[in-house]
Amino acid sequence: MNKNKINWVAVLTMMFLFGMISFVTNLAAPIGTIWKQQPGIEGSNFWGMMGNMMNFLAYLFMGLPAGRLITRYGYKKTTLIGVGVGLVGVFVQFLSGKLGVGATLVGLPANFFVYLLGAFVCGFSVCILNTVVNPMLNLLGGGGNKGNQLVQIGGTFNSLMGTLTPMLVGALIGSVTKDTAITDVNTVLFIAMGVFAATFAVLIFVPFVEPKQETTDTSVKSLFKYRHLVFGVVSIFLYVGVEVGIPGTLNFFLTDTLGTANAATTAGFVAGTYWFLMLCGRFISSFISGKVSSRMQLGVTSATAIILVICAMFTTNVSASMPVFTGSGFGMAQVPLTAVLLVLCGLCTSVMWGTIFNLSVEGLGEHSALASGLFMTMVVGGGVLPLIQNAVADAVGYMPSYWVIVAALAFICWYAFLGSRVKKA
């Protein structure tokens, strides 16, 4: 009889967690602009992106175990575990501004390794929370259309936080020099720890009915007989790398090349615009997905993204204007046309996760839940691909590194039109 009553305290808590997933994940790239200027790292994009790599590497280890945590402890206790781990991870990142400062280890700043440990722990947290939040919002909405609506709203809030995070960090940093330190973004870390702590306290007192757990006993090996799923797993690995690599490397590129007093601030807001366009793309997709197939959406957007990225690589000498926060207020800033074209890719990448997942689990039946856990492990692509891209950037330059992105998008485009077709037994 209480089916139509929604526990809005629990819903808002899940919304905060959805936002925190994006907030913690998107801290890595802008904070990387600080680390890459430290003595011993000396401008290396590879090491600057290592925090992002550690964050996503945790998914490889935690993807499947996160599902088992839910089976063993239920959704609420698993959420509390995820929030608690996140609080510890952010605190360790904060400690990187206190421990090992001035010392070196294998030629790198010793406190850098403290930061990497914190990023890795945070990765465990966001992986656990990612595994919990979607089904929890669906449960709190009572399933069906209302449950799906809450999930979509949560995804929008996730994109909003992805938009604001690089902007906030960039505004705090301003101009990055060798004197800039991780302590300059302590405010952001304090906010993150405060929200995690408050969420943990609220969750303890939020009651909700646990959903029934599936008891089907299947092995990961059973999934590999599905050809379209195997290619889908590769596609999701590449997609998350594309999603993170485009704005993350763009942030580094603009910070290094703008040559203005507040280059990091401008770069952060430009990168944030990419995530804002992802928000817009997801909103638009919610209206057209009922009429346009996942295959067509994925194929068109991946092909369009390829064109945008290739054009971006050859337009660094052409100027364009973008609205950004300049450090003292909002205004139009002159940036390379490259930045505008790469930011527009956010509209394309916005639909890729959902469409790839939809195409991959087609016809899987009882194996769909296990496939979801396998997908979560492949989020590690968000760490691996940007790391490869920035190693290429160190070797031959920022723009040639985007051929890594083009190659990944080409595979995704192939998957949309050919690799996703289900082979009937």
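Here is what the cut-offs are and how they apply
- Residues numbered from 1 in each chain as written.
- Predicted model: local features only at pLDDT ≥ 70, side-chain atom pairs only at ≥ 80, totals over all residues.
- Heavy atoms only, no water.
- Phe/Tyr/Trp six-rings, centres within 6.5 Å; stacked < 30°, edge-to-face > 60°.
- Axes fitted to C-alpha atoms, helices over the stretch in contact; angles between N-to-C directions.
- Helix = DSSP H or I, 4+ residues; strand = E, 2+ residues; numbered from the N terminus.
- Parallel < 35°, antiparallel > 145°, perpendicular 65-115°, else oblique.
- Left-handed = near helix turned anticlockwise from the far one by under 90°.
- Contact = heavy atoms within 4.5 Å.
- Nonpolar A, V, L, I, M, F, W, Y, C, P; charged D, E, K, R; others polar.
- Core = buried A, V, L, I, M, F, W, Y, C linked by side-chain atoms within 4.5 Å.
- Buried < 20%, exposed > 50% of the residue type's maximum accessible area, 1.4 Å probe, protein only.

(A) Up close: the packing of aromatic side chains. Here the structure, examined in full by the defined rule, presents 15 aromatic pairs. In this structure an aromatic cluster arises from ring pairing among Trp35, Phe46, Trp47, Phe112, Phe113 and Tyr115.

(B) Structural view of the packing of helix H9 (residues 263-288) against helix H11 (residues 337-349). Put simply, H9 and H11 touch, their axes get as near as 7 Å, and they point 30° apart. The orientation of H9 with respect to H11, classified from their angle, is roughly parallel. Crossing of H9 against H11: the hand is right-handed. Contacts between H9 and H11 pair Val270, Thr273, Tyr274, Leu277, Met278, Cys280 and Gly281 from the former with Ala339, Leu342, Val343, Leu344, Cys345, Gly346, Leu347 and Thr349 from the latter. Tallied by class, the residues present in the contact of H9 with H11 amount to 11 nonpolar, 4 polar and no charged.

(C) Up close: the nonpolar core. Membership of the largest hydrophobic core comes to 127 residues, with the highest contact counts inside it found for Leu250, Val270, Ile356 and Tyr402. Each residue touching Tyr402, except ones within four places of it in the same chain, is listed here: Gly245, Ile246, Thr249, Leu250, Val309, Met313, Leu342 and Gln389.

(D) Focus on the packing of helix H4 (residues 50-95) against helix H7 (residues 186-205). Interhelical geometry of H4 versus H7 gives an angle of 160° and a closest axis separation of 9 Å. Judged by the inter-axis angle, H4 sits roughly antiparallel to H7. As for the relative orientation of H4 and H7, their crossing is left-handed in sense. Facing Lys76, Thr79, Leu80, Val83, Gly84, Gly86, Leu87, Val90, Phe91, Gln93 and Phe94 of H4, the residues of H7 in contact are Asn186, Leu189, Phe190, Ala192, Met193, Phe196, Thr199, Phe200, Leu203, Ile204 and Phe205. Per-class residue counts for the contact of H4 with H7 are 15 nonpolar, 6 polar and 1 charged.

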